[in-house]
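As a plain string of letters, each chain reads:
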Amino acid sequence: MKLKQLESLLGNLQQFQNPKIELEQYPTGAHIASRMLYTAENSFEDVSNKVVADFGCGCGTLGLAATLLDAEHVIGIDVDNESLEIASINAEELEVELGLIQCEIKNLNWRGQIVDTVVMNPPFGTRKKGADMEFLSVALKVASQAVYSLHKTTTREHIKRAALRDYNASSAEVLCELRYDLPKLYKFHKKKDVDIAVDLWRFVPKTKQESSI
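Overview of the structure. (Residues numbered from 1 in each chain as written. Predicted model: local features only at pLDDT ≥ 70, side-chain atom pairs only at ≥ 80, totals over all residues. Heavy atoms only, no water.)

Side note on the overall build of the protein
Stated formally: Under the DSSP-based scheme used, a helix requires at least four consecutive residues in state H or I and a strand at least two consecutive residues in state E, with every element numbered from the N terminus. Exposure was quantified through the Shrake-Rupley algorithm and a 1.4 Å probe, taking into account, for residues, occlusion by the shown protein chains and nothing else.
When its secondary structure is counted, the protein shows 7 helices and 7 strands. Helices and strands appear in the protein in the N-to-C order α-α-β-α-β-α-β-β-α-β-α-β-β-α. Just so you have it, the protein exposes about 10,800 Å², and 46% of that area is on carbon and sulfur atoms.

Shown next, in the form of structure tokens:
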């Protein structure tokens with residue numbers, strides 16, 4: 001599938017109807033989501049025929065992008081039932097299969113590296129400090145091949161240090177810097193929309209052998 005076609009399909013998905021600020025619910029735009037998954041597949045072969053998990057999937061944009069790029073199986077995980085209902089509707093509209101689990105990421109009791117790839121646009125941690133790192137920590141425990149994640153560019157050094165030192169990553173690489181267009185969704189937002197600089201990261205988890213050394 002060509003990048004432009006992928007972006008077009010993702011652009012037609014339903015998004016949050018009543019976003020919850022405590023969960024830092026912001027839609028992952030089609031522009032960023034398509035490039036994130038297209039890069040994962042075409043540069044690293046981390047999507048097609050792979051088992052992919054979408055952490056904090058929201059309305060399913062990243063996970064559905066993975067299904068459109070021929071992932072073997074995709075699981076979307078989110079704590080919010082309303083978001084999962086929208087993700088299910090989106091999957092039906094695209095006529096693809098998307099497994100969905102309602103669960104907090106920190107309570108996900110998966111043992112070992114049971115998926116190939118994790119994709120995620122985690123909370124930035126502005127409402128709940130450390131929420132982004134919580135997602136990253138779990139992702140690097142359950143993925144065997146790679147974790148793709150978006151984080152504020154201002155946190156770049158902190159993310160890299162924590163991933164390599166504390167969270168089981170054998171490598172941590174910023175693939176590109178993107179502009180995250182944050183729409184005015186909440187009453188406290190003063191501007192119509194805001195551009196935030198975000199990094200697209202690719203983390204490679206340590207193998208079991210590396211972890212035991």
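Next comes the rest of the description.
Quick notes on unusual backbone geometry
Unlike most non-glycine residues, Asn 49 shows phi in positive territory, near 65°. Considering the arrangement of structural elements, one finds Asn 49 in the loop between helix 2 (30–42) and strand 1 (51–55).

What to know about the nonpolar core
The test is simple: To qualify as a nonpolar core, a set must consist of buried Ala, Val, Leu, Ile, Met, Phe, Trp, Tyr and Cys residues joined through side-chain atoms within 4.5 Å. Each residue is assigned to one of three classes by its accessible area relative to the maximum for its type, calculated with a 1.4 Å probe on protein chains only: buried under 20%, partly exposed between the two thresholds, exposed over 50%.
Grouped together as the largest cluster of nonpolar side chains are 32 residues, with contacts concentrated most on Leu 10, Met 36, Leu 37, Val 47, Ala 66, Leu 150 and Val 198. Elements that contribute at least two residues to this core include exactly helix 1 (3–11), helix 2, helix 3 (61–68), helix 4 (81–94), strand 5 (143–152), strand 6 (169–183) and strand 7 (193–205). Tallying contributions element by element places helix 2 first for this core, with 6 residues. Counting 27 residues, the second largest nonpolar core, distinct from the first, contains Leu 108, Leu 136, Leu 140 and Ala 143.

Side note on the environment of Ser 88
Along the chain, Ser 88 turns up in helix 4. The spacing of Ser 88 and Gly 76 is 12 residues in sequence and 9.7 Å in space, taken between C-alpha atoms.

Quick word on the pattern of salt bridges
Using the following cut-off: By salt bridge we mean one thing: a side-chain nitrogen of Lys or Arg within 4 Å of a carboxyl oxygen of Asp or Glu.
On inspection of all chains with the given rule, the structure shows 6 salt bridges. Residue Arg 35 is joined to Glu 7 by a salt bridge in which the shortest nitrogen-to-oxygen separation is 2.9 Å. Placement of Arg 35 in helix 2 and of Glu 7 in helix 1 is noted, with a sequence separation of 28 residues between them. On the basis of relative accessible area, Glu 7 is assigned to the partly exposed category, the value being 24%. Residues Asp 199 and Arg 156 are paired through a salt bridge, measuring 2.7 Å at the closest nitrogen-oxygen approach.

Quick notes on the packing of helix 1 against helix 2
Our working rule: Axis lines are fitted through C-alpha atoms, for helices just across the contact stretch, and the angle between N-to-C directions can take any value from 0 to 180 degrees. Comment on the angle field: the value is read as roughly parallel under 35 degrees, roughly antiparallel over 145, roughly perpendicular from 65 to 115, and oblique elsewhere. Each crossing is labelled by how the near helix is turned from the far one, with a counterclockwise turn of less than a right angle marking it left-handed and a clockwise turn marking it right-handed. The contact rule is simple, with two residues in contact once any of their heavy atoms fall within 4.5 Å.
For the pair helix 1 and helix 2, interaxial distance at closest approach is 9 Å and the crossing angle is 135°. On the basis of their axis angle, the class for helix 1 and helix 2 is oblique. For the element pair helix 1 and helix 2, the recorded crossing hand is right-handed. Of the residues in helix 2, those touching helix 1 at Leu 3, Leu 6, Glu 7, Leu 10 and Gly 11 are Ala 30, His 31, Ala 33, Ser 34, Arg 35 and Tyr 38.

Quick notes on the environment of Leu 3
Tracing the backbone through its elements, the reader meets Leu 3 in helix 1. Exposure remark for Leu 3: the relative accessible area of 23% places this residue in the partly exposed category. In the structure, Leu 3 is positioned 36 residues away from Thr 39 in sequence and 9.5 Å away in space, judged by C-alpha atoms. Apart from residues no more than four positions distant in its own chain, Leu 3 is found in contact with Ser 34, Arg 35 and Tyr 38.

With respect to the packing of aromatic side chains
The relative placement of two aromatic rings is captured by the distance of their centres and the angle of their planes. Short version of the rule: The aromatic pairing rule takes the rings of Phe, Tyr and Trp, using the six-membered ring of Trp, and pairs them if the centres are within 6.5 Å, calling planes under 30 degrees apart stacked, those over 60 edge-to-face and the rest tilted.
Within this structure, the stated rule accounts for 2 aromatic pairs. An angle of 55° between the planes, with centres 6.4 Å apart, marks the rings of Phe 44 and Tyr 148 as tilted. Of this pair, Phe 44 sits in the loop between helix 2 and strand 1 while Tyr 148 is found in strand 5, placing the two residues 104 residues apart along the sequence. On the basis of relative accessible area, Phe 44 is assigned to the partly exposed category, the value being 27%. With relative accessibility at 0%, the residue Tyr 148 sits in the buried group.

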